Amino acid sequence: MFLTESPEIEYDIRIAKPSDASGIIRCMQSVMDEKIYLVGDIYLYTERGEKDMIRNPDDLNLVATSKGEVVGIMKIQRGIFRKNRHTATLGIAILRGYRHLGIGSKMISQGIEWCKREGIKKLNLEVFSSNENAISLYKKMGFEVEGVRKNQFLIFDKYVDDVLMAINF
Ligand SMILES: CC(C)(COP(=O)(O)OP(=O)(O)OC[C@H]1O[C@@H](n2cnc3c(N)ncnc32)[C@H](O)[C@@H]1OP(=O)(O)O)[C@@H](O)C(=O)NCCC(=O)NCCS
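In this report, the structure presented in the accompanying data block is examined. Remember, predicted model here, so these are calculated numbers, not experimental data.

**A word on the site of the ligand**
- In the region of the ligand, 23 residues are neighbours, and Ile 94, Gly 102, Gly 104, Ser 105 and Lys 140 sit closest.
- Ile 94 has a polar backbone atom sitting 2.6 Å from an oxygen atom of the ligand.
- Here a nitrogen atom of the ligand sits 3.5 Å away from a polar atom, N or O, in the side chain of Arg 99.
- In the complex, the protein chains occlude 78% of the 920 Å² of accessible area that the ligand would expose alone.
- Because more than half of its atoms lie within 2 Å of the grid, the ligand is assigned to the largest pocket.
- Among the secondary structure elements, those contributing two or more residues to the shell around the ligand are strand E5 (87–94), helix H3 (103–118), strand E6 (122–128) and helix H4 (132–140).

See below:
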């Protein structure tokens, strides 16, 4: 259990269980509802699909929980082809109200350690150029910008670049 500077917020970080599926879907949808951080507007996985992902031994699904609720999710999904099985892709979303407490950086550190243990050679992610907070955190964790797809997204009438970041182990 981790304590934070806000005395009312304690949280835990652990491997997701199939029973977390509905909490993960709620957390992802809540972050998608903010419209400015994630590509999708609607989280497309059903509870059954989410459970299948959680059970996939190739991937790492971590949840942050507070008072029994999923307040953060980080997924690292390994490439499914022989040509990209040495790579993995990271996705992360922390519920509003639980950000800037150290949850994201702890989850990413654990994800990086997992990649090293699994022999993964490269960890990728994509982030909107407008998401400066996330980009600065990723840089702090060791990610480097490998490419930029210009004007890839349109968010509230403004074109935003897709920033491709990675850590090569
Ligand atoms: C981006 C995101 C994953 C970061 O997670 P987070 O839990 O807020 O990150 P952390 O708290 O670990 O770190 C964020 C900042 O808080 C600071 N921080 C870390 N621990 C802290 C603590 N105990 N108290 C106060 N601040 C702290 C970090 O230094 C960091 O500061 P910086 O950005 O100025 O360098 C999260 O904000 C989020 O989910 N945002 C919305 C969805 C999103 O953008 N997802 C990523 C799409 S690519």
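There is more to say after this.
**Description of the pattern of salt bridges**
- Under the defined criterion, the tally for this structure stands at 11 salt bridges.
- Lys 122 is the salt-bridge partner of Glu 146, the closest N and O atoms lying 2.8 Å from each other. Linking Glu 146 in strand E7 (residues 144–155) with Lys 122 in strand E6, this pair joins segments that are 24 residues apart in sequence.
- When the shortest N-O distance is used, the salt bridge between Lys 150 and Asp 161 registers 3.5 Å.

**Here's the deal with the sheet that holds strand E4 (residues 69–78)**
- Spatially, E1-E2-E3-E4-E5-E6-E8-E7 is the arrangement adopted by the 8 strands of the open sheet, whose pairing is mixed. Of all strands in the sheet, those with a lone pairing partner are strand E1 (2–3) and E7, marking the two edges.
- In the packing of helix H1 (residues 21–33) onto the sheet, the strands contacted are strand E3 (60–66), E4 and E5, and the crossing angle to E4 comes to about 90°.
- Taken strand by strand, H3 contacts E1, strand E2 (10–15), E3, E4, E5, E6 and strand E8 (158–168), and its axis lies near 30° from that of E4.

Thresholds applied
- Here the residue numbering is sequential within each chain, running from 1 through the sequence in written order.
- Note on the predicted model: pLDDT of at least 70 is required for a residue's local features to be given, and 80 or more for side-chain atom pairs to be given and counted; whole-chain, interface and lining totals, by contrast, use all residues.
- Working from all heavy atoms in the structure, the side-chain values ignore hydrogens and water.
- One heavy atom within 4 Å of a molecule or strand makes the whole residue count as near it.
- The term polar contact refers here to a pair of N or O atoms within 3.5 Å; inside protein, the definition further demands a hydrogen-donor-capable atom paired with an acceptor-capable atom, and it admits residues adjacent in sequence only when both atoms are side-chain atoms.
- Accessible areas in this description were obtained via Shrake-Rupley with a 1.4 Å probe; residue shielding takes into account the shown protein chains only.
- Put simply, the grid is 1 Å and covers the protein atoms alone, a cavity is a trapped set of points that fit a 1.4 Å probe, a pocket is an open set with protein on both sides within 12 Å along at least five of seven lines, and lining residues have an atom within 4 Å of a point.
- Cavities and pockets are treated as containing a molecule whenever more than half of the molecule's atoms lie within 2 Å of their grid points.
- A run of H or I in DSSP becomes a helix once it reaches four residues, and a run of E becomes a strand once it reaches two; helices and strands are each numbered from the N terminus.
- A side-chain nitrogen of Lys or Arg and a carboxyl oxygen of Asp or Glu constitute a salt bridge if their distance falls within 4 Å.
- When DSSP locates at least two bridges between a pair of strands, those strands are taken to pair.
- The contact criterion used is simple: two residues touch if any of their non-hydrogen atoms lie within 4.5 Å.
- Where helices are involved, their axes are fitted lines through C-alpha atoms of the stretch in contact, as for all axes, and angles between N-to-C directions lie from 0 to 180°.

Function cannot be inferred from these measures alone, as they are strictly geometric.
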